[in-house]
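Structure at a glance
Each chain, letter by letter, is given below.
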Amino acid sequence: MFISSRTEDGQAYSLQISSLSSLSEFLSNYPLNNYDLQINEARYHLRKTGRCGKRDYPKIALQKDGFILPTELTLTQISDLEYFLREHIGNIYCLEINNSVYQMSR
């Protein structure tokens, strides 16, 4: 998995991700609103859309027609994220991590 982002002044940041903690650290260290995320061969755009309450673990949910479906998964390791995306195919997801909400789209 690979994440990257670019600041308004053109500064680029990227990281090979092997754990949820490394994803969390990247999002904390580079608090931007837009990221590009590559998971396996699929590319996603990650856009910060708001804040959420503190959670023990991140979670992901599928979003369809503007609504977040009750299909969600608590993420304890990076393979959970890969599994959810593989089993629940869609174009838009909602990812809650680091007290922030991100819209993840293909």
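Refer to the structure presented above.
Summarised in this report is the structure supplied together with it. (Residues numbered from 1 in each chain as written. Predicted model: local features only at pLDDT ≥ 70, side-chain atom pairs only at ≥ 80, totals over all residues. Heavy atoms only, no water.)

Overview of the pattern of salt bridges
Applying the stated criterion across every chain, the model contains two salt bridges. Among the salt bridges present, the one from Glu96 reaches Arg55, with a minimum N-O distance of 2.4 Å. Taken together, the positions of Glu96 in strand 7 (residues 92–97) and Arg55 in the loop between strand 4 (42–51) and strand 5 (59–64) put the pair 41 residues apart, joining distant regions of the chain. By relative accessible area, Arg55 is classed as partly exposed at 39%. (Salt bridge = Lys/Arg side-chain N within 4 Å of Asp/Glu carboxyl O. Helix = DSSP H or I, 4+ residues; strand = E, 2+ residues; numbered from the N terminus. Buried < 20%, exposed > 50% of the residue type's maximum accessible area, 1.4 Å probe, protein only.)

Some thoughts on unusual backbone geometry
Of note, Asn98 is a non-glycine position whose phi angle comes to about 55°, a positive value. With respect to the helices, strands and loops of the structure, Asn98 is situated in the loop between strand 7 and strand 8 (100–105). The class of Asn98 is partly exposed, set by a relative accessible area of 29%.

A few points about the side chain of Lys59
Counting through the fold element by element, Lys59 comes out in strand 5. A relative accessible area of 15% places Lys59 in the buried class. Here the side chain of Lys59 touches Glu72 through a polar contact of 3.1 Å, side chain to side chain. Setting aside its immediate chain neighbours within four residues, Lys59 contacts Glu72, Leu73, Thr74, Leu75, Cys94, Leu95 and Glu96. (Polar contact = N/O pair within 3.5 Å; in protein donor to acceptor, adjacent residues only side chain to side chain. Contact = heavy atoms within 4.5 Å.)

Quick word on the packing of aromatic side chains
The full count for this structure, using the stated rule, is six aromatic pairs. Each ring, one from Phe26 and one from Tyr35, has its centre 6.1 Å from the other, and the planes form 65°; the classification is edge-to-face. Classification of Phe26 as buried rests on a relative accessible area of 3%. Taking relative accessible area as the criterion, Tyr35 reaches 1% and is therefore assigned buried. (Phe/Tyr/Trp six-rings, centres within 6.5 Å; stacked < 30°, edge-to-face > 60°.)

So, the environment of Ala61
Looking at where Ala61 falls in the secondary structure, it is placed in strand 5. A relative accessible area of 3% means that Ala61 is categorised as buried. Separated by 31 residues in sequence, Ala61 and Ile92 place their C-alpha atoms 8.9 Å apart. Excluding its chain neighbours within four sequence positions, the residues that come into contact with Ala61 are Ile68, Leu69, Thr71, Glu72, Phe84, Tyr93 and Cys94.

Quick look at helix 2 (residues 78–87)
Given 3.6 residues to a turn, an α-helix orients residues that are three or four positions apart in the same direction. Taken together, the buried positions of helix 2 are occupied by Ile78, Asp80, Leu81, Phe84 and Leu85. Looking straight down helix 2, one finds that the buried residues subtend no more than 160° of arc, so they occupy a single side. (Arc of directions from axis to C-beta.)

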